[in-house]
Amino acid sequence: MAALSGNVQENVLEFVQGQQDSALQSVAKAVFDGETSLLQLVESLGSSLTSTEVTTRARATQLLAEVLHRSPSNRLTEKEAEVLSAFFCDRLLDHHSVQPHVLHGLLALSAAPQLPQGEEVKIVQVIFKEVYVQSLVQTDRRAIYNILANFLDTRLEALQALGADFVWGFIQAMDGEKDPRNLIIAFSIARIVAQAFPIGTFTEELFEVISCYFPIDFTPPADDPHGVTREDLVLGLRQVLAATSKFAQFCVPMLLEKLSSDVTSAKLDSLHTLAACAEVYGADSMKSFLDLLLSAISKEVYSSIHQDVENAALAGLTAVVATLSHAVTETRSVFSLHHFLDSLLKGCKHHLCEPELKLMWPSAKLLQAAARASDPACVHVLDTAVPLLVEQFQVHPYPQHRHTILEVTIAFIHVAHASTSGTDAPNPVVPHSDNFLTLFYSVLEDADAGLRSSGVGGMAAMIGITDVVKGKHLDLCANHLGRLVLHDADPTVQRRSTEALAAMATAHPDVVREEVLSKLLQVLENNNPNAMDTNQSEQVCAKHVTNQYVLNTLAAVSTHPTIVRCTIPKLLSHLQALIESCPDQATQEAIATLDCVYKVVEKTVINDANVEYFVDTIVLNLMSMALSAAVNTSDENLLHDTSLLEIVAKVLRAVARSLPNSTGKGIVNSTVQAFLQGNLAAISLNTSASFEPLDVSSPWQQTQTVQLLSAIVCSVARNVDIPSISELAQKLLTLSCASDHEPTSLAAAKSLSGVVNKWDQGEQLQTFLQETRDCLEQILSKTEDEKARCRAVAVLVWLTKALVIRGHPSGSQFTKTLMALFEDEAIGRRAAEGFYVILSDSPDVLSKESHANIRLMYKQRFFMENLPALVDGFNQADDGRKQSFLCAVSHLLTFIPRQVLLGALPPLVPLLVQSLLGEDPSLQVSTLEMFSSLVQEAPQVISKNIDALIPQLLELSKNGPTMKVRMAALKSVGSMTSLPHAVVYPYRNRVVRELAVAVGDKKRMVRKEAVAARGEWFLLGSPGGK
Amino acid sequence: MSSPDRLQNANPQLYGRTSEREVTPEELNEDVEDAIDAREIFDLVRSINDPEHPLTLEELNVIEQSRITVDEDNNHVSVEFTPTIPHCSMATLIGLSIRVKLLRALPTRFKVDVHITPGTHQSEHAVNKQLADKERVAAALENQHLLEVVNQCLSTRN
Amino acid sequence: MCSRLEAVAVLEGHQDRAWTVAWNPTGTVLASSGGDKTIRLWGREGDSWVCKTVLEDSHTRTIRSVCWSPCGTYLASGSFDATTCIWDRKSGDYECSATLEGHENEVKCVAWSPSGQLIATCSRDKSVWIWEVSEDEDYECASVLSLHTQDVKHVTWHPHKEILASASYDDTIKLYREADDDWDCLATMEGHDSTVWGVCFDQSGERLASCSEDKTLKIWQEYLPGNEAGIQTQGSDPTWKCVCTLSGYHKRTVYDVKWCHQTGLIATAAGDDCIRVFQEDESSPDRRNQPQFSLTATAEQAHSQDVNCVAWNPKEPGLLASCSDDGVVKIWRYKEE
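Residues numbered from 1 in each chain as written. Chains lettered and ligands numbered in written order. Predicted model: local features only at pLDDT ≥ 70, side-chain atom pairs only at ≥ 80, totals over all residues.

For chain C, the name recorded in an unreviewed UniProt entry is Probable cytosolic iron-sulfur protein assembly protein CIAO1 homolog, with Branchiostoma floridae as its organism. Under the UniProt heading Sequence similarities (unreviewed entry), the note attached to chain C is "Belongs to the WD repeat CIA1 family." (UniProt positions renumbered as here; feature names shortened; annotations may be inferred.)

The name an unreviewed UniProt entry assigns to chain B is Cytosolic iron-sulfur assembly component 2B, from the organism Branchiostoma floridae. Its UniProt record, at the heading Sequence similarities (unreviewed entry), says of chain B: "Belongs to the MIP18 family."

J.: Describe the overall build of chain B, and please don't skip the residues or the numbers.
T.: When helices and strands are counted, chain B shows 6 helices and 3 strands. Counting helices and strands in the order they occur from the N terminus, chain B gives α-α-β-β-α-β-α-α-α. Over its C-alpha atoms chain B spans a radius of gyration of 16 Å, differing by no more than 12% from the 15 Å that the globule rule assigns to 158 residues. Referenced to the eigenvectors of the C-alpha coordinate spread, the extents of chain B come out at roughly 55 × 35 × 30 Å. Buried positions account for 37% of the 158 residues belonging to chain B. A fraction of 65% describes how many contacts in chain B between residues 6 or more apart in sequence connect residues 24 or more apart. (Helix = DSSP H or I, 4+ residues; strand = E, 2+ residues; numbered from the N terminus. Rg over C-alpha atoms; globule rule 2.2 N^0.38 Å. Buried ≥ 20, exposed ≤ 12 C-beta atoms within 10 Å, placed from the backbone. Contact = placed C-beta atoms within 7 Å.)

J.: Pulling in residues and values, what's your account of the sheet that holds strand β26 (residues 307–312) of chain C?
T.: Residues and elements named next belong to chain C. Strands sit in the order β1-β28-β27-β26 across an open sheet of 4 strands; the sheet is antiparallel. Where the open sheet ends on each side, the last strands, each with one partner, are β1 (3–11) and β26. Looking at each pair of strands side by side, their axes are set apart by 25° on average, direction ignored. Bridge analysis of β1 against strand β28 (residues 329–336) gives 8 bridges, and the strand direction is antiparallel. By the bridge assignment for β28, Ala-7 is matched with Trp-332. (Pairing = 2+ DSSP bridges. Axes fitted to C-alpha atoms, helices over the stretch in contact; angles between N-to-C directions.)

J.: Quick rundown of the UniProt feature "repeat: WD" (unreviewed entry) in chain C? Include the residues and the values.
T.: All names here are of chain C. Following the UniProt record, one finds the feature "repeat: WD" (unreviewed entry) at residues 11–42, 56–97, 100–141, 145–176, 189–221 and 300–337. Here residues 11–42 runs as 0% helix and 53% strand, with 8 Å between its end C-alpha atoms. Across residues 189–221, helical content stands at 0% and strand content at 58%; the span's end C-alpha atoms are separated by 11 Å.

J.: Can you break down the UniProt feature "domain: MIP18 family-like" (unreviewed entry) in chain B residue by residue, with the values?
T.: The feature "domain: MIP18 family-like" (unreviewed entry), as given by UniProt, occupies residues 40–115 of chain B in the numbering adopted here. Between the C-alpha atoms that bound residues 40–115 of chain B the distance is 18 Å, and the span itself is 28% helix and 26% strand.

J.: How would you summarise the interface of chain A and chain B if you had to cite specific residues and measurements?
T.: With 29 residues of chain A at the contact, the number on the chain B side is 31 residues. Counting only elements with at least two residues in the side of chain A that touches chain B, the list comes to α16 (290–303) and α50 (1004–1019) of chain A. When residues in the side of chain A that touches chain B are grouped by element, the largest group, 7 residues, is from α50(A). Residue composition of the side of chain A that touches chain B, by class: 12 nonpolar, 9 polar and 8 charged. (Nonpolar A, V, L, I, M, F, W, Y, C, P; charged D, E, K, R; others polar.)

J.: Could you give an account of the nonpolar core, naming the residues involved and the relevant values?
T.: Among the nonpolar cores identified, the biggest contains 353 residues, and A:Ala370, A:Val651 and A:Leu652 are the most heavily contacted of them. Here this core takes 12 residues from helix α38 (residues 786–806) of chain A, the largest share from any one element. Those residues in contact with A:Val651 that lie beyond four places of it in its chain are A:Leu594, A:Val597, A:Tyr598, A:Val601, A:Ile618 and A:Leu622. If you look at the next biggest cluster of nonpolar residues, it comprises 95 residues, including C:Cys67, C:Leu75, C:Trp129 and C:Val152. (Core = buried A, V, L, I, M, F, W, Y, C linked by C-beta atoms within 7 Å.)

J.: So what's going on with the packing of helix α26 (residues 509–526) of chain A against helix α27 (residues 547–557) of chain A? Residues and values would help.
T.: Residues and elements named next belong to chain A. Running from N to C, α26 and α27 cross one another at 150°; their axes reach a closest spacing of 9 Å. The angle between α26 and α27 falls in the class roughly antiparallel. α26 and α27 meet at a crossing whose hand is left-handed. Every residue of α27 that contacts α26 at Val-512, Leu-520, Val-523 and Leu-524 is listed here: Asn-547, Val-550, Thr-553, Leu-554 and Val-557. When its residues are assigned to classes, the contact of α26 with α27 shows 7 nonpolar, 2 polar and no charged. (Parallel < 35°, antiparallel > 145°, perpendicular 65-115°, else oblique. Left-handed = near helix turned anticlockwise from the far one by under 90°.)

J.: Requested: an account of unusual backbone geometry, with residues and values cited.
T.: Cis rather than trans, the peptide bond between A:Phe214 and A:Pro215 has omega equal to -10°. Checked against the element boundaries, A:Pro215 lands in the loop between α12 (203–211) and α13 (230–241). For C:Lys37, which is not glycine, the phi dihedral falls at a positive 65°. Inspection of the secondary structure assignment puts C:Lys37 in the loop between β3 (29–34) and β4 (39–45). A positive phi is found at C:Asp171, a non-glycine position, where the angle reads about 75°. Inspection of the secondary structure puts C:Asp171 in the loop between β15 (163–168) and β16 (172–179). Assessed through the 21 C-beta atoms surrounding it within 10 Å, C:Asp171 is described here as buried.

J.: Account for the sheet that holds strand β14 (residues 152–157) of chain C, naming residues and giving values.
T.: Residues and elements named next belong to chain C. Strand order in the open sheet formed by 4 strands is β14-β15-β16-β17, with antiparallel pairing between adjacent strands. Looking at which strands have only one partner, the edges of the open sheet turn out to be β14 and β17 (182–190). Direction aside, the axes of adjacent strands within the sheet are offset by 25° on average. Alignment of β15 against β16, held across 5 bridges, turns out to be antiparallel. Bridging from a neighbouring strand, Ala-165 pairs with Leu-175 of β16.

J.: Please set out the environment of B:Val150 residue by residue, giving values where relevant.
T.: All names here are of chain B. Mapped onto the secondary structure, Val-150 falls in helix α6 (residues 144–154). In this structure, the C-alpha to C-alpha distance between Val-150 and Glu-52, residues 98 residues apart in sequence, is 12 Å. Apart from the residues lying within four places of it in its own chain, the contact partners of Val-150 are Leu-96, Ser-97 and Val-100.

J.: Can you explain the pairing of strand β12 (residues 128–133) of chain C? Please cite residues and give values.
T.: Every regular strand shows the same layout, with side chains that alternate between the two sheet faces. Residue and element names in this part refer to chain C. For β12, a buried count of 5 out of 6 residues is recorded, marking the element as mostly surrounded by other parts of the structure. Looking at chain direction, strand β11 (residues 118–123) and β12 are connected through 5 bridges and run antiparallel. Its bridge partner being in β12, Thr-121 is matched across the sheet by Trp-129. Counting the residues in the hairpin turn of β11 and β12 gives 4 residues, including Lys-126, whose phi is positive at 75°. Two elements, β12 and strand β13 (residues 139–145), share 6 bridges in a ladder whose sense is antiparallel. When the sheet's bridge partners are listed, Glu-132 is paired in β13 with Glu-140. Connecting the antiparallel pair β12 and β13 is a turn made up of 5 residues, with Glu-137 showing a positive phi of about 60°.

J.: Account for the pairing of strand β7 (residues 74–79) of chain C, with residues named and values stated.
T.: All names here are of chain C. The element β7 is extensively covered by neighbouring structure, given that 6 of its 6 residues are classed as buried. Alternating residues of β7 divide into Tyr-74, Ala-76 and Gly-78 and Leu-75, Ser-77 and Ser-79, and every residue in both groups is buried. The loop that links strand β6 (residues 63–68) with its antiparallel partner β7 comprises 5 residues; one of these, Gly-72, has a positive phi angle of about 80°. Two elements, β7 and strand β8 (residues 83–88), share 5 bridges in a ladder whose sense is antiparallel. Its bridge partner being in β8, Tyr-74 is matched across the sheet by Asp-88.

J.: Report on the packing of α38(A) against helix α40 (residues 828–839) of chain A, specifying residues and quantitative values.
T.: Residue and element names in this part refer to chain A. Put simply, α38 and α40 touch, their axes get as near as 9 Å, and they point 30° apart. The angle between α38 and α40 falls in the class roughly parallel. In the crossing of α38 with α40, the sense of the turn from one axis to the other is right-handed. For the pair α38 and α40, contact is made by Cys-790, Val-793, Val-797, Trp-798, Thr-800, Lys-801 and Val-804 and by Arg-830, Ala-831, Gly-834, Val-837 and Ile-838, respectively. Residues of the contact of α38 with α40, tallied by class, amount to 8 nonpolar, 2 polar and 2 charged.

J.: Could you give an account of the environment of A:Phe214, with specific residues and numbers?
T.: Residues and elements named next belong to chain A. If you trace the backbone, Phe-214 turns up in the loop between α12 and α13. With 20 C-beta atoms packed within 10 Å, Phe-214 lands in the buried category. For Phe-214, the contacting residues outside a window of four places in its chain are Leu-237, Met-254 and Lys-258.

Rendered as structure tokens:
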């Protein structure tokens, strides 16, 4: 065997003799590079390893171990591993200052696949025999745990051969371990030991050595670098306790004992551990503890001081019952499940008979937790509980008690609902469904609205379970619900009945259509202005059944295509009838009708089958109704009403957004033809009248329909081309700048923005933008006409939005043009408000739903680009002109992502505090709301400004100009209590004292906020408070 | 106070909760002055937690709107509360919580009287006298343990 | 009513309710104390009154009561923290030179005897303690009197004799004097229907005024053995009998009553935010046995909350100080018209 190269040899010596740790690097590198083998290293270390000097031996061993750790695993040969293993095992008996290095070396070997079979056993044996683990320092103990863990991971079978010796060795090794980092590893070893070794005679010892940590009481030191949390330890320990059923006889009594303690965390841990162990322990091991467990769990649920403990107790019960249920195949187990449930039922039964008392609900919760565990359990519980509840219902005459009984019953149904979802087994409710439904039907005509409402809730719960309500009951339910919807005077009953019908309509559309829909439509027809003798109609409905109400109900139950196809034509013909006869309140009713159409479309348009149907019926019909009204300006027409037209546009948009490309293209083309060329035939409207909606000189009834154009053109998928885009844009620009009719001008501006946003980048667009900006600047700087300037601002704002959101380079020029207006006395504020338009999501155009061209993170970019200019502008503006800048900043801050805001915040806060001094209530409110949310998100920044902030907030809470300002200021003041104690506590007395004014505010809603805020401040630094 | 066997009344009768007060158009009108009325006082005290049960005073019927009177003109508020059982040892604590809540939530111009509903507690007179003694109330609130219990009764439970 | 109370000064500074006001013997300094655990000393500066000093950090809870030694060099303060502090001005600044410990809980009142040799304190622990002031300014407990069955709310000394009066939550007033090296009860006055909050002697020491949660003011007259009115007495002890009850004036609890030793006027502080002044009718036929008092002045809404204490200036007739739950101390002048 060749000697080491001189260089390496030198380094070896240097390390062993001196304290030069850097020499290690060179030696390790030589081994890593293959320049030197490990055996050569051992050989050259020879005399040092056996030196009589302890320090020399220690240094030599350290060098060997360190090099071993740093050399690549494939460099090690089996032979070397064997030699090293033998060497280290031998050295383990050496001086205590050598031992750590030996363990370090063994740790490296334990991870090496080259270690020959059998060595692991030797290593483990020698460790168990020679090392008194708990006398070592933390790192060395950890090395041992890691060695064991490595072997258990890769050489489990070999270690299993050691049998009980391994178990005993490990028990002795970890007995008394205190370090949380080591415990995490020890727990994972213990889990494997408990599962894979014959712990037999040592079961109790192993349990003792583990369970002494229960319940874990550990708070990591502040700034703990190791990152071990209480939760890690709790879960690690819980896994060991739940590792084997052999622990049951020791563990369950321990859990029972800890459960009886007064410490909430101990209770919680015990209950969670019980839930984790139950299944593993199995029915047999738990048998002798069932009575004790039941009474302990019941006690927690009955007292229920902490919601968490109650929930954990219920989960524990579910786990126990699930365990008992698992072995139902054996008769014996069925017996013990039933036995357990019977004793539970016995304890709960009499409480179920006392709906007026507190323990009714906890008892029901216990039974429901048990029923939740399994189908057999559910069946068994229901078999007893259902007849009892039904009987109690008959016995108790008071509505409030009956109400409680019904709600408890419904909770049982919900439990049953969850039980078989996903399986084919019949639901445990099935045998009782007649009983239940009869019970629910029986209250539907009760004088007490709460009871009727519960009856409906019960039916809804039953209907919610697949295949439980069938046959005649389906018809009966639908019939009842339909009757309640139309005849019950209580709003809650109406609402719940409508919801139940809507759910039913999804599963059983035919039943609902036949039993209910016709009646609803009948009402609409009877109330139809054309129908005579309303009073003679057979159905005399309750007062609440206005057309508006029927429409809302129709919208709610139109969930299934079958039903949609029934309701939509009726709604459209109802609208047509309204237009033709124009009775009193026609506008309102038309709005309600269109709104109903909109709700139906919005809810069901995702269903592809509906889209084409909507184009054919809704889009074409509404478009022709609206446009034929528009061309006929001589007669008054409902659809001349701008607000009605807006809803028509809303409906069209909802359809257009969902259109597939092919359909979208067709409808866009015909719409543009109609609006640009006046070709009404394109939308199947046969009239010879002239239609020039984009011409400023046309009557407003025509020009305002531009919003229908935009509803289609600006809402379809982005890759649907807009024909004649340049001409269209030009006309929209002119119309928006020149129309005196405000809705027209705004609709045209929005339309234009939608078009520009989708316009492909190119020379055409560039030219248009250049000319447009010149034109707008011309109007803004030269015109005296205030209205014209305002219109120009609106156009500028909408165009800026269109460009900014798509990240178009011209966006920043447009923004500059806009900001240049901020100091203008007449329109400065309007221009600043434009920032709101630019950043907020508009529902009609330029939204994601409308397939607008939106670049990711445009808000963030816009913020970064413009904030400095705004802050400069604010600082330089005269006092009277600062408001516009503040307003724009405030809008910016409202819309940008929190992360960005927090980054830019510190220099802004003083400016924001100043904005509170202003006289603009809406600005004050938005700034105050921002402060409230920043308290959570940027506590440091708010803390820094607390001196300026608190006096200002207190002033506004007392003397804010409007209720909203005072309320927002009080919310803000209240939120401050979550800041670090040292920051806010000095203000406690002052705030409490000054809020005494606000609790006497003349407005009740302000007082309510003041009471809440003052309450928080009173609790600050007070025992039982914060 | 945590286990049912130590509760004086482990299974008390329960009552429903009143729904939230509807906001009226007058309340939204800046210029109208909203008088403090019995309902407003009721809303202040009904959500106080019972010291023993995870229930509110309203759910235990300890507080009822009909037992609250407000005289805005003379700045006087009177609240009667009804202990769940005549020998309830928590009566003073409950009364103290009500008093403290109103102390914190009402403008200082109001004189507040908190009494036990006549005939519903065996130590009615003694409890009433204690609750009326502002010096004792002030001293009680400087007692950290008592203050903690009162604060817990006044904290909103989640 | 023919007179009025005119506000002279409004002194703000206390951060919590103010419980007591007390003039020094020369009437130049007014001490006040309260829930903010401070004592404030107010003095005249030109035409106005200003806060001269704030004494703090000696009590950990509300300072319920302050009183001056007859020489004006010392100030005693009693606190809910169960202790009584003696403040000493000898070095120029006030320093807490002694702490009297012994009560089990809240000290509610402290009173220095006219001789300066004795201090009385009382507490919620139902006891009254009498402390002896020794030559070297040591304070030793001379007696613990546990005769009341409930909290003792107030103690006050007879103007000339070493006789102490105490008022209690048990609705009674008791008088004590030293006998055979210890103190014992001389008389118990029953008559109020609820807690007696305050009690004070007139200039002669033959009469007492007391005020109560029952909203009344009572005047008690001392009858010596063999008195002309034929009121029964026991042994050599006098009997104290209620000779006048003033009810219907106060709308809520009367927290304090003070009898001016210069003018004979009686001032009350009440939970209805008012200060009232009563005067004895000199024309009434039987002034000794059936005196009559009439209300001569009311300061309506004297404070924005309960008035807790009033104090007549010992040198300047008609100058009255008051303090309230609103934290404010006020000085009034009684003007006859």
